[in-house]
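Chain residues, written in single-letter form:
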Amino acid sequence: MHCKICLQSIEKDTTWSTLFDFRERTLCSSCDEQLEKNQGPTCKKCMKRTEEKLCSDCMFWEQHFQEDPLDRNVSIYTYNEFMKETMARFKYRGDYEIVHAWKDPFQRAFNKYFPKESQLLPIPLAESRFSERGFNQAEALARLLEQPLFAGMIRTGQEKQSKKSKWERLTADNPFKLTETSPETIVIIDDIFTTGSTVRFAAQVLKDAGAKSVSSLTLIRS
Amino acid sequence: MNANPWSPRFSGKRLLKNELNLSESVFQGLLTKGYLIEIPSIKETLFYLECQRCHTRKPSHFGKIPTKTIQSFSYQNRPATNSITYCRNCIQMGRVSTNEPLYEWNGPIANLPKVKQPSIWRGELTALQSKAADAMVEAIRNQSKILIHAVCGAGKTEMLYRGLWIAFRNGFRVCIATPRADVVRELAPRLRRDFPSIEMAALYGGTQETDINAHLVVATTHQLLRYSKSFDVMIVDEVDAFPYHHDKSLPKAVARSVKESHALIYLTATPRLDLKIASRLKQLQTISIPLRYHGHPLPLPKLSQVFKLHQHLQQGTLPKKITHWIDQRKAAQRRFLLFVPTIETAQSLSKKLDIPYVHSESSNREELIHHFRNQQYEALITTTILERGVTFPSIDVAVIGADHDVFDEAALVQIAGRAGRSADDPDGDVTFFYNVKTKAIVKARQYTELKNLEGKKFKKEFN
C-alpha cells in the first residue's frame, strides 16, 4: 500500500483491531496529520469557522436573495498550505489518484450528515477545462460515494472562479442550466467552498425547478 | 545556418505538447512534415509499465484516470479506452499519460557556431589541477568517459575551464549537471563571468531561463528529463549526492540526454561503490586529486564520544563536551557550523543556543546562507543540506550526533571538507560528536588520512 499523496509506502502495525480490517489504507499518517479537519465553532449553515451563529457570507445571501437556496453545507478540511499544494497537484497538474486519499473521510461525512436517498450533483465543469484536465474533480469526489449521480445540469460560463473577487463572484450571472427534471433530495458535491456562490447558483437552479432539499458536501471550507 | 526556425528551440529535447508552446496549425504542420515525432509516454510491456520521461517502473508510480463522465460532451481527442494511465512520479513537470504523448525534434539539426575566444579567465592552475584538466581535454577530444576524484576544496570548477575552452572552440554543446539546485545557483554566475561570450542557460526548478540551443547548459539532473540526444559533453558534478545516487531515473536521464558519441565526465570527492568498482576494474579512467588547491592537507576530524548523546538531545540539553567546544570557538572568535541529523534537533538547539538554523524547507534558506557568508552570523545550525557545494572561507565544523543514519561516509567527508577552505586559514577544526562509533565515522576519518598521505607523496614526487 502506498500513500496517495506522498507516494511513500504505508507500514501498518498489526494489532487485533487492524488484523481483520481489509480496507485499503490510502493515506499515510504524516500526510494525514498535515491535513487539518474543519472543526471548532463554525457557522451552523456553511461551516465557516466563526464565533457567530450565522456567518456574514450566509447573512449576505439571505439579504441578497431573500431566501437562501442552500439548506446547509458540510466541509471536511480547511484550506491550509499543505491542502493548497495537494489541490494544486490534483487539479492543475491533473493527478487524479489523489482523490482516493479522501475516500474514507468523504464517505463517513456523507453517511453522518445526509439521507441515503439523496442524489449527488457534482458541479459540472466547462468543456474547455475538462479537455485540459481530463476529468472533473467534483465528479471524481462524487464517485467516491456509492450513490446515484444526477447528470441533468450543464455549465455555460467558462471563467475561473479563483481569478475573481468576492463581489464579482456574487453578482455574476448564473452559469448553470438544467436539462432534466430535478430530483427531490439532492446533495451538491464540489472540491472547495469559498464564498459559496458556485454551490448556491446551482442550488438556485434546482430549487427553482422544484427540488425540496438542496445541501452540499465539499471537501474544503476555505 | 539553421535550416528551420524551430530547430534551435526543440532539437535535443523531449517535451509535452504544451511545453512546445506552438499554435495548433504550426504544430500540425511540423507533425505532418515529420519534423516532430510523437513518442508514446507510457511504454507497456508484458511485465511492467515504463514512463518514457522519468523511466520509472514502479507500479505505485502509475495512476489511472477513468474516461467515463456524466457530463455530456465529446471533447477533443477523447481516448477510446476506459481509462488512461499516467505517471505520478514526474507529474510536477506536467502530466504524461497514454493520452498525452511526448514530442521529439526530428527536423534539420541546428549547429552551434565555433567560438574562437570563449573565455577571459586568466588564472593559473596548480600542477595537480593541470593534470586533471589535461585528462579532461583528452576525454573531450576522444569522446570518452572519465572520473575526476578530487577532494573537497581542490578547485574543481577551475579544472573544468580548459576542457570547456576546447569544447566551445569545437562547437560542442556542453551540459554541467548536478543533483543540487544550490550548486547550479552558485556555479552559473561564476561561469557567466568567466565565459562572457558563451550562450548559457541555468536550469533548475523555478527558473525563468530557457535553453535555446545554448552552448552551455548548467542544470539540475531533474531538468535533463526534458532532454534527449542533446549534448556532446556531459559533466556530472557531485555524482554521489542525493537524489542522484538513489533515484534510478536520474542516471537514465543523463544517459538519454547525451548524443551517441559523447564525452562523459564525473566529478566528485566521494565516489559511491559503483564508480569505485568501475574505476578499480579499469572500466573507468580515474584521475585522483588528493590535495587542495592551496596545497595544505585536509583537516583531520576529531572524534569525541559523548554518552547518552541522543537522550540529551531529546531532552533538549547539551552535554558538557559540546558546550565546551562551542565556548572555545566563541573565545577564539571563530565562526562555526553545527550539523545536526534532524530538523527537530535543529529547532530545539537553535532555541537553546540562540543561533539561527537552516534546513531544506526553510523559506529563507538562501538569505540565511548569504548572511552567514557575509559574516553577519557567527554561527549557523544546519541539517545535511549544507554538506556540499557551499564554501565559507574560514570556519570550524562540528557534527552533533554523527552516528545518526543520515551521516554516511560521503556526508561526513563532505562536511569535514567545509573547514579550512581558504589559503589564509587552511586549518579548521572538525569534530564529530557521537555515542556509538559507526563504520561511516571510521571510514570518513580513514578517507582523510589516506588522501593526506597521497597528497604528501605527490608533493614529494613533484618537488
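Because the structure is predicted, anything quoted here is derived from the model rather than measured.

Colleague: Whenever I open this one, the overall build of chain A confuses me. Can you help?
Modeller: Along chain A, the regular secondary structure elements total nine helices and six strands. Considering only C-alpha atoms, chain A reaches an extent of 55 × 40 × 35 Å along its principal axes. Taking all 222 residues of chain A together, 51% fall into the buried category. The long-range share in chain A, meaning contacts at least 24 apart out of those at least 6 apart in sequence, stands at 73%.

Colleague: Looking at this structure, I do not really get the environment of Gln39 of chain A. What am I missing?
Modeller: Residue and element names in this part refer to chain A. Mapped onto the fold, Gln39 is located in the loop between helix 2 (29-34) and helix 3 (56-65). The exposure class assigned to Gln39 is exposed, which follows from its relative accessible area of 59%. The spatial distance from the C-alpha of Gln39 to the C-alpha of Thr78 is 8.6 Å, given a sequence separation of 39 residues.

Colleague: I would appreciate a short explanation of the domain arrangement of chain A in the present structure.
Modeller: As a measure of interface size, the accessible area lost when the parts come together is often cited. All names here are of chain A. Domain boundaries in chain A define domain 1 (1-34) and domain 2 (37-221). Centre-to-centre separation of domain 1 and domain 2, based on C-alpha positions: 28 Å. In this complex, domain 1 contributes seven residues to the contact, which on the side of domain 2 involves nine residues. Taken over both partners, the interface formed by domain 1 and domain 2 buries close to 850 Å², and the fraction arising from carbon and sulfur atoms is 52%. Where domain 1 touches domain 2, the interface holds one salt bridge. Between Glu97 and Lys4 there is a salt bridge; the shortest N-O distance is 2.9 Å. Counting across the interface, domain 1 meets domain 2 through four residue pairs in polar contact (both at pLDDT 80 or more). Its residues assigned to classes, the side of domain 1 that touches domain 2 shows three nonpolar, two polar and two charged.

Colleague: Would you mind showing me how to read helix 7 (residues 249-257) of chain B here?
Modeller: An α-helical segment advances 3.6 residues per turn. Residues three or four places apart therefore align on the same side. Turning to helix 7 of chain B, its buried residues number three or more, namely Ser249, Leu250, Ala253, Val254, Arg256 and Ser257 of chain B. One face of helix 7 of chain B carries all of its buried residues, which in axial projection span an arc of 165°.

Colleague: I would appreciate a short explanation of the sheet that holds strand 18 (residues 379-382) of chain B in the present structure.
Modeller: As a general point, the strands of a sheet are linked pairwise by backbone hydrogen bonds and lie either parallel or antiparallel. Residues and elements named next belong to chain B. On the basis of which strands lie adjacent, the open sheet formed by six strands has the order 15-20-19-16-18-17 and parallel pairing. Looking at strand neighbours, the two that pair on one side only are strand 15 (302-305) and strand 17 (357-358), the edges of this open sheet. Bridge analysis of strand 16 (residues 335-339) against strand 18 gives four bridges, and the strand direction is parallel. Its bridge partner lying in strand 18, Leu338 is registered against Ile381. Contacting strand 16, strand 17, strand 18 and strand 19 (395-400), helix 12 (residues 365-373) crosses the sheet at an angle of about 145° to strand 16.

Colleague: What am I meant to see in the pairing of strand 12 (residues 231-237) of chain B here?
Modeller: Side-chain positions along a regular strand alternate between the two faces of the sheet. Residue and element names in this part refer to chain B. Among the seven residues of strand 12, seven are classified as buried, and the element is accordingly described as predominantly covered. As paired elements, strand 9 (residues 174-178) and strand 12 share four bridges and run parallel to each other. Residue pairing for strand 12: Cys175 is matched across the bridge by Met234. Taken together, the six bridges between strand 12 and strand 13 (residues 258-268) define a ladder with parallel strand orientation. In the strand pairing of strand 13, Val233 is matched with Ala263. With helix 7 bridging strand 12 and the parallel strand 13, this β-α-β connection has right-handed handedness.

Colleague: Help me understand the packing of helix 5 (residues 156-169) of chain B against helix 6 (residues 181-194) of chain B, please; the structure alone is not making it clear to me.
Modeller: Packed helices, taken two at a time, are described by the angle their axes make and the gap between the axes. Residues and elements named next belong to chain B. For the pair helix 5 and helix 6, the least separation of the axes is 12 Å and the interaxial angle reads 45°. With respect to each other, helix 5 and helix 6 are oriented oblique. In the crossing of helix 5 with helix 6, the sense of the turn from one axis to the other is right-handed. Only Leu187, Arg190, Leu191 and Asp194 of helix 6 make contact with helix 5, whose side of the interface consists of Thr157, Glu158, Tyr161 and Leu164.

Colleague: Looking at this structure, how should I read the UniProt feature "domain: Helicase ATP-binding" (unreviewed entry) in chain B?
Modeller: Under the feature "domain: Helicase ATP-binding" (unreviewed entry), the UniProt entry names residues 137-289 of chain B. Strand forms 28% of residues 137-289 of chain B and helix 33%; the C-alpha atoms that close the span are 16 Å apart.

Colleague: It is not clear to me how the side chain of Ser362 of chain B should be interpreted in this structure. Could you clarify?
Modeller: All names here are of chain B. Tracing the chain through its elements places Ser362 in the loop between strand 17 and helix 12. Given the relative accessible area of 14%, Ser362 is considered buried. In terms of polar contacts, Ser362 uses its side chain to reach the backbone amide nitrogen of His359, at 2.7 Å.

Colleague: What am I meant to see in the pattern of salt bridges here?
Modeller: Oppositely charged side chains can form a pair if their charged atoms are brought close together. Applying the stated rule across the entire model yields 39 salt bridges over all chains. Between Glu24 of chain B and Lys17 of chain B there is a salt bridge; the shortest N-O distance is 3.0 Å. We note a salt bridge from Asp408 of chain B to Arg272 of chain B, for which the minimum N-O separation is 3.2 Å. Of the two residues, Asp408 of chain B is situated in the loop between strand 19 and helix 13 (409-416) and Arg272 of chain B in the loop between strand 13 and helix 8 (273-280); the sequence distance between them amounts to 136 residues. When salt bridges with common partners are traced through the structure, they connect Lys45, Glu62, Asp68 and Arg200 of chain A into a single cluster.

Colleague: Just to check I follow, could you spell out the sheet that holds strand 1 (residues 73-78) of chain A for this structure?
Modeller: Residues and elements named next belong to chain A. If you trace the four strands from one edge of the open sheet to the other, you get 1-6-5-2, paired in parallel fashion. Edge positions in the sheet fall to strand 1 and strand 2 (119-122), since each has one partner strand and no second. Each adjacent strand pair in this sheet contributes to an overall mean axis angle of 20°, direction not counted. Sheet topology places strand 2 next to strand 5 (residues 185-193); four bridges connect them, and they run parallel. Within strand 5, the residue paired with Pro122 across the bridge is Ile189.

Colleague: Would you take a moment to explain a nonpolar patch on the surface for this structure?
Modeller: Residues and elements named next belong to chain A. Nonpolar side chains collect at one region of the surface, where Trp16, Leu19, Phe20 and Phe22 lie side by side and expose about 600 Å² of accessible area between them. Structurally, Phe20 is set in the loop between helix 1 (16-19) and helix 2. With relative accessibility at 60%, the residue Phe20 sits in the exposed group.

Colleague: I keep staring at the domain arrangement of chain B and nothing clicks. Help me out?
Modeller: Taken domain by domain, chain B consists of domain 1 (7-105), domain 2 (127-289) and domain 3 (302-462). With centres defined by C-alpha atoms, the gap from domain 1 of chain B to domain 3 of chain B works out at 46 Å.

Colleague: Just to check I follow, could you spell out the packing of helix 4 (residues 127-142) of chain B against helix 5 of chain B for this structure?
Modeller: Residues and elements named next belong to chain B. At their nearest, the axes of helix 4 and helix 5 sit 8 Å apart, and the two run at 30° to each other. Here helix 5 runs roughly parallel to helix 4, going by the angle between their axes. Where helix 4 crosses over helix 5, the handedness of that crossing is right-handed. Here helix 4 contributes Gln129, Ser130, Ala132, Ala133, Asp134, Met136, Val137, Ile140 and Arg141 to the contact with helix 5, which in turn contributes Glu158, Met159, Leu160, Arg162, Gly163, Ile166 and Ala167. Taken together, the residues that form the contact of helix 4 with helix 5 break down as nine nonpolar, three polar and four charged.

Parameters at a glance
- All residue numbers refer to position in the chain's written sequence, counted from 1.
- Chains and ligands are labelled by the order in which they are written, letters from A for the one and numbers from 1 for the other.
- Two thresholds apply to this predicted model, a pLDDT of at least 70 for residue-level local features and 80 or more for giving and counting side-chain atom pairs, whereas whole-chain, interface and lining totals are computed over all residues.
- For the side-chain quantities, the full set of heavy atoms in the structure was used; hydrogens and water were omitted.
- Only runs of H or I of at least four residues qualify as helices and only runs of E of at least two qualify as strands under DSSP, and these elements are numbered from the N terminus.
- The classification of residues rests on relative accessible area computed with a 1.4 Å probe and restricted to protein chains. Under 20% of the type maximum is buried, over 50% is exposed, and intermediate values are partly exposed.
- Contact criterion: two residues are considered in contact whenever any of their non-hydrogen atoms come within 4.5 Å of each other.
- Reported domain spans reflect what an automatic or database domain assignment gives.
- Buried area is understood as the total, over both parts, of accessible area removed when two parts are fitted together, assessed with a 1.4 Å probe.
- The term salt bridge refers to a pairing of a side-chain nitrogen on Lys or Arg with a carboxyl oxygen on Asp or Glu at a separation within 4 Å.
- Nitrogen and oxygen atoms within 3.5 Å of one another constitute a polar contact, given that in protein one can donate a hydrogen and the other can accept it, and given that sequence-neighbouring residues count only through two side-chain atoms.
- Under this grouping Gly is polar, as are all residues other than the nonpolar Ala, Val, Leu, Ile, Met, Phe, Trp, Tyr, Cys and Pro and the charged Asp, Glu, Lys and Arg.
- In this context, the arc is that of the directions from the helix axis out to the C-beta atoms.
- Here, strands pair whenever DSSP counts at least two bridges between them.
- In this analysis an axis means a line fitted to C-alpha atoms, helices contributing only their contacting stretch, and an angle means the value between N-to-C directions, from 0 to 180 degrees.
- For a crossover, the right-handed case is the one in which the path from the first strand over the helix to the second runs clockwise, viewed with the strands pointing away from the viewer.
- With respect to orientation, any angle under 35 degrees is reported as roughly parallel, any angle over 145 as roughly antiparallel, any angle of 65 to 115 as roughly perpendicular, and every other angle as oblique.
- Crossing handedness: left-handed means the near helix sits turned counterclockwise from the far one by under a right angle, and right-handed means the same turn made clockwise.
- UniProt positions are given in the numbering used here, feature names are shortened, and annotations may be inferred rather than shown by experiment.
- Residues forming no salt bridge and having over 30% relative accessible area are the ones grouped into patches, like charges within 9 Å of each other and nonpolar side chains (Val, Leu, Ile, Met, Phe, Trp, Tyr) within 5 Å.
- Areas reported here follow the Shrake-Rupley algorithm with a probe of radius 1.4 Å; residue values treat only the protein chains shown as occluding.

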